[in-house]
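Below are the chains, spelled out letter by letter.
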Number of protein chains: 2
Amino acid sequence: MTTVAQSWVEGANESHGFGLNHLPFGALEHKGAVRLCVRIGGLALDLQQLATQRLLPDFCDAELCAPTLNRFLAMGPVVWAEFREHLTALLHVSAKSNVQKKIREALVPLDKATLRLPLEVGGYTDFYASLHHARRVGELFRPDQPLLPNYKHIPIAYNGRASSVVVSGTPVRRPWGQRKPAHEGEPPTFAPTAALDYELELALVIGRANALGERIAIEQAEEAIFGVTLLNDWSARDVQAWEYQPLGPFLGKSFATSISPWITPWAALDPFRVPVAARETSDPRPLDYLWSDKNQQRGALDINVSASLSTERSRAATLPPMPLGAANTRDLYWTPAQMIAHHASNGCNLRPGDLLATGTISGPQREQAGCLLEVTRNGQQPLTLANDEQRAWLMDGDEVTLSARCERDALPSIVLGDCTGYIAPA
Amino acid sequence: MTTVAQSWVEGANESHGFGLNHLPFGALEHKGAVRLCVRIGGLALDLQQLATQRLLPDFCDAELCAPTLNRFLAMGPVVWAEFREHLTALLHVSAKSNVQKKIREALVPLDKATLRLPLEVGGYTDFYASLHHARRVGELFRPDQPLLPNYKHIPIAYNGRASSVVVSGTPVRRPWGQRKPAHEGEPPTFAPTAALDYELELALVIGRANALGERIAIEQAEEAIFGVTLLNDWSARDVQAWEYQPLGPFLGKSFATSISPWITPWAALDPFRVPVAARETSDPRPLDYLWSDKNQQRGALDINVSASLSTERSRAATLPPMPLGAANTRDLYWTPAQMIAHHASNGCNLRPGDLLATGTISGPQREQAGCLLEVTRNGQQPLTLANDEQRAWLMDGDEVTLSARCERDALPSIVLGDCTGYIAPA
């Protein structure tokens, strides 16, 4: 039984998910300037103010007094661990009262803070790590061969667009795009998408990684991970369907990708590591560069993830957000270490601030779906919401929220920052 | 007949391609620091030294005293034009002799300069703008349907990997990767690629463009272009073939992409603008957002592009580089303005320093091919080089050079910076 570390910060120990065991990083805007912060309970600890109080450690002082985490990420896992230890001591009940007094001045209530994107995202890669998602999408478009022959050998991925990664809360404007002609020989149409979807994903935030031309051994792969965040890979399914052959998704995705404002440190997830998902007996053993005993034993993550929806009507009726789908990251076919080892297997360099997302997280059951494409069978079978509204796809005014929670036995839970987006008209 | 502006800089007027009408931008390393520069003849003009001499205009002084062009790019086309005018006056024969004397101190012979990547590349998009290339590649893999139904409606593209964009001269390490099993039921292999290829491309360098959620009208699209550079989209064809379904090329491309060290200003290409390539009478009219009279009349570029190869044996015999293939950008199906208008058609934001590449440039004739995949029919019919060596794909020790030249009537020519890469062993 793990001892639960207690914080002196008011409300932190009862915050259910944002206690001393978590300490996620973010960025808040204060008087026009953006500063890095760490969340404890319902408060954001302004790191620049902590530096002014001379309470930041020398070894990462300048790197944390910046508008984004990138320079801190580049310092690597030893520094991240030292900083986490330092911060934990400052916020622990055993901290001296004069220290507590100073820190109190750097705590900002979250309802008074505007949160910004805490990263410069240089690269955004989207994997396809859920076999259940890949299979169900495949059934829709290739009923004779739902799962392609490469799926169980390669952690399939594509390059996403980094410039349009936005922080949770940023409205998402319904994109225009080309849609397939209704009949052969007719021209395609250019119009606002009529098939707007969300995708429930988890993203790894890369810290210090590899130089160009150098691979990363799977045994060392997790050293590149600074933390995780929820990610919504908004998708215009009609645009995507018409454009994606032969080079993959492009404008059907690149109009916006939302992430949580809080980056959960990889270290905080340590108690929630589990063995890789059980394979079918006929499944191939991954190639050596994707295989390690440690990865098999505890390479996966046990995180409950879910998506919910509020609509103009549900908000007018003050209903709570209505569930869309829920799953668990332990059901993914590929692990974070495998994703990283594969990404670097050709010598491609990862950089601090890069995002590696899992792709839509769906579970083995039909209702464990991480996007509408699966639930509504490409829009053919609309979903009936808790207030009896129907949705084939997202409507203007809809707001999707991704949530995630780690819970095991008597351990204090961890709640990832919500990732929310409101659909604005085209 | 255009009057040829003469420069006082020694050798500039006889430099065949790097005269006063060109003035491309680059970055040189000097005593450990990287500085922006402009090329005139065989010399690089160090802009920081020019600033020290108080010869840079105030309006872009700080932006040009930086290690990359990004801040200058963000200033937009009016500033770029003013700076070009300013620089042209300084280097023109009519410049005062005391000014010439000062500038002379800022001129560095190119054989003494190490050139660096002059951009922070935040996004790299690769189009598929050559119909001839798309059709010939399609014939190899889908003989029943070489050209997909979307091709003549959509400027097809995918997101490339920005982190591995390198400057010409950087060695390219042969990447490892997964290759398809030889027989069904067998596992794939993980080994150095056995099908390494080059791709002859032109890339647009984006300057100031659009905010997220805002489209770019085709009439304004060229205002986003700062300049162009050659680009080699190195490709591992065996890796690509096994991984690319269903989400497109990924590790088969992301190990390295080379660009010229010199960015040719868009304004310098003005005399080399031509009407869009003739269409087949059955070809559809592009949708309105991809159509403008101006684009039809002079949206294309008349640039001769070519690739050449030197091998260990050819260098030992001191043979000149041997031709691989040559084409002209006027044969591309889609123009720069169409590529930009399409890229932003869903509201995706372009940023200063982004690269939008054409994809392999091939012409209507078989020998006008911009990659080995086409020439050797996916490696099945090896190419015989000028020294009688054969190549199905690139070998270790091979060096590929992309070159480009604009030539029309009596106009002074423009030569784009060469883009070279040497294949280092895995």
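First things first, this report covers the structure right here in the doc.

Parameters at a glance
- Residues numbered from 1 in each chain as written.
- Chains lettered and ligands numbered in written order.
- Predicted model: local features only at pLDDT ≥ 70, side-chain atom pairs only at ≥ 80, totals over all residues.
- Heavy atoms only, no water.
- Pairing = 2+ DSSP bridges.
- Helix = DSSP H or I, 4+ residues; strand = E, 2+ residues; numbered from the N terminus.
- 1 Å grid on protein atoms, 1.4 Å probe; cavity = no way out; pocket = protein on both sides within 12 Å on 5 of 7 lines; lining within 4 Å.
- Points joined across faces, edges and corners; volume = space filled by probe spheres on them.
- Nonpolar A, V, L, I, M, F, W, Y, C, P; charged D, E, K, R; others polar.
- Least-squares fit on C-alpha atoms with pLDDT ≥ 70 in both.
- Contact = heavy atoms within 4.5 Å.
- Buried < 20%, exposed > 50% of the residue type's maximum accessible area, 1.4 Å probe, protein only.
- Axes fitted to C-alpha atoms, helices over the stretch in contact; angles between N-to-C directions.

On to the sheet that holds strand β25 (residues 399-406) of chain A, then. Residues and elements named next belong to chain A. In space, the five strands of this open sheet follow the order β9-β26-β25-β20-β21, with mixed pairing throughout. A single partner strand is all that each edge strand has here, and the edge strands are β9 (172-173) and β21 (322-328). Bridge count between strand β20 (residues 304-310) and β25: seven bridges; the pairing is antiparallel. For A307, the partnering residue across the bridge sits in β25 and is L402.

The next point concerns empty space enclosed by the protein. Counted according to the given criterion, the structure contains 11 cavities of 30 Å³ or more. The calculated volume of the largest cavity comes to roughly 130 Å³. Contributing to the lining of the largest cavity are 16 residues, with G122, G160 and A162 of chain A together with G160 and A162 of chain B lying nearest its centre. Taken together, the residues of the lining of the largest cavity break down into four nonpolar, 10 polar and two charged. Roughly 90 Å³ of internal volume is contained in the second largest cavity. Of all elements in the fold, only β13 (200-206), β19 (300-301) and α10 (336-343) of chain B reach the threshold of two or more residues within the lining of the second largest cavity. Class assignment of the residues belonging to the lining of the second largest cavity gives a composition of 10 nonpolar, three polar and no charged.

Moving on, we get to the relation of the copies chain B and chain A. Mapping chain B onto chain A leaves a residual RMSD of 0.0 Å; the transformation is a rotation of 180 degrees accompanied by 0.0 Å of translation along its axis. The two molecules are tied by a two-fold rotation axis, judged by turn and shift. If distances are taken from each C-alpha of chain B to the rotation axis, the shortest is found for G248 of chain B, at 2.1 Å. Of the residues that chain B buries at the interface, 100% are likewise interface residues in chain A, meaning the two copies contact each other through the same surface.

Our next topic: helix α6 (residues 131-141) of chain A. Of the positions making up α6 of chain A, those classed as buried are L131, H132, H133, A134, R136, V137 and G138 of chain A. Packed against the buried residues of α6 of chain A are α11 (372-375) of chain A.

Once that is clear, we can look at the sheet that holds strand β2 (residues 33-40) of chain A. Residues and elements named next belong to chain A. Taken in spatial order, the five strands make up an open sheet running β4-β3-β2-β1-β5, and their pairing is antiparallel. Edge positions in the sheet fall to β4 (107-109) and β5 (114-116), since each has one partner strand and no second. Along the sheet, successive strands turn relative to each other by an average axial angle of 45 degrees, direction set aside. With six bridges joining them, strand β1 (residues 25-30) and β2 adopt antiparallel strand pairing. The partner of H30 across the bridge, within β2, is A33.

What follows covers unusual backbone geometry. Residue and element names in this part refer to chain A. Residue Q245 is joined to P246 through a cis peptide bond whose omega torsion reads 5 degrees. Among the secondary structure elements, P246 is positioned in the loop between α7 (237-243) and β16 (257-259). One non-glycine residue, H16, lies in positive phi territory at about 50 degrees. With respect to the helices and strands, H16 occurs in the segment before β1.

By themselves, these are just geometric observations and shouldn't be taken as functional.
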